[in-house]
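The chain contents come next:
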Amino acid sequence: MQSADENVEELVSKAEAEWTKRYEAGPSRLRWTELPVQVGDDAPDAELTDLQGETRSLSEFWSEQPTVVMFWRHFGCNCGIERAGRLAAEYDDYRDAGAQVVVVTQAEPTRSAEYVERRGIECPVLCDPGRETYDAFGLLDYDLPQVFQGAPDEFLALDSEAGAGLAADRREMGQNMVDNPWQQAGEFLVDTDGRIQVSHRYQYCEDYPDPGVFLTALRMLE
């Protein structure tokens with residue numbers, strides 16, 4: 001019988017292979033083919049899997065209270081670690097303002113649960129390994145400067161050895177390079193009528209939104 005640790009290792013290995021393939025291929029979704037959802041639009045609903053393997057809909061959260069939906073980068077990105085720290089500092093403010101926070105990840109429940117425990121994420125987490133919900137919210141691929149700002153030229157050339165070296169370094173740090181390295185992050189405030197009140201699509205990896213924008217919008221909903 002396969003242990004939970006072995007299962008995580010197998011899933012991480014597959015996700016690392018996807019990262020390598022996508023890194024070497026480069027970003028592909030750089031333009032919207034139609035206007036993405038924006039403030040005032042109905043938020044796209046989706047049925048996703050939670051950390052316990054249960055199917056949950058996004059709308060069940062925002063039907064009860066305004067919800068900040070956070071679309072996470074891949075788990076090997078340093079910005080995810082920093083975002084987790086920022087979320088820990090901001091979480092009580094969101095809750096005191098009457099909002100729920102839900103994180104959506106690229107990973108399946110097993111890897112997501114391990115990451116959540118390691119990074120101390122307290123809010124509900126849903127899993128979208130196919131990234132259909134990312135697409136529905138208009139989140140594209142980053143281009144090279146948005147991910148590798150200030151990086152050596154070999155990364156801008158998508159050099160395979162440079163990518164392998166980066167993956168090896170991060171693996172030693174316990175930050176395996178996994179999933180889609182180009183996936184854009186984003187955060188959206190959805191009111192109890194299911195309409196988007198704040199839309200923040202990160203323009204680069206560390207483009208974290210000011211929580212004051214969301215908190216002010218929440219006050220306006222009262």
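Cut-offs and rules
- Residues numbered from 1 in each chain as written.
- Predicted model: local features only at pLDDT ≥ 70, side-chain atom pairs only at ≥ 80, totals over all residues.
- Heavy atoms only, no water.
- Salt bridge = Lys/Arg side-chain N within 4 Å of Asp/Glu carboxyl O.
- Buried < 20%, exposed > 50% of the residue type's maximum accessible area, 1.4 Å probe, protein only.
- Helix = DSSP H or I, 4+ residues; strand = E, 2+ residues; numbered from the N terminus.
- Phe/Tyr/Trp six-rings, centres within 6.5 Å; stacked < 30°, edge-to-face > 60°.
- Axes fitted to C-alpha atoms, helices over the stretch in contact; angles between N-to-C directions.
- Parallel < 35°, antiparallel > 145°, perpendicular 65-115°, else oblique.
- Contact = heavy atoms within 4.5 Å.
- Nonpolar A, V, L, I, M, F, W, Y, C, P; charged D, E, K, R; others polar.

Asker: Lay out the pattern of salt bridges with the relevant residues and their values.
Answerer: Counted according to the given criterion, the structure contains 15 salt bridges. Measuring nitrogen to oxygen at the nearest pair gives 2.4 Å for the salt bridge that ties Glu108 to Arg111. Accessibility assignment for this pair places Glu108 and Arg111 in one class, buried.

Asker: If you had to explain the environment of Gly130 to someone new, which residues and values would you point to?
Answerer: Among the secondary structure elements, Gly130 is positioned in the loop between β5 (125-127) and α5 (132-136). Looking at Gly130, the relative accessible area reads 42%, which means it is partly exposed. Distance from Gly130 to Gln106, taken between C-alpha atoms, is 7.2 Å for residues 24 residues apart in sequence.

Asker: Residue-level account of the packing of aromatic side chains, with values.
Answerer: Counted according to the given criterion, the structure contains eleven aromatic pairs. Ring centres of Tyr94 and Phe214 lie 6.4 Å apart, and the angle between their planes is 85 degrees; on these two criteria the pair is classed as edge-to-face. Note that Tyr94 is positioned in helix α3 (residues 78-96) and Phe214 in helix α9 (residues 211-221), a separation of 120 residues in sequence. Classification of Tyr94 by relative accessible area gives buried; the value is 1%. Judged by relative accessible area, which is 1%, Phe214 ranks as buried.

Asker: Which residues make up the packing of α3 against α9, and what values go with them?
Answerer: Running from amino to carboxyl end, α3 crosses α9 at an angle of 10 degrees, the nearest separation of the two axes being 10 Å. Overall, the two elements α3 and α9 adopt an arrangement that is roughly parallel. In this structure, α3 uses Glu90, Asp93 and Tyr94 to contact α9, whose residues at the interface are Pro211, Phe214, Leu215 and Leu218. Each residue belonging to the contact of α3 with α9 can be placed in one class, and the counts come to five nonpolar, no polar and two charged.

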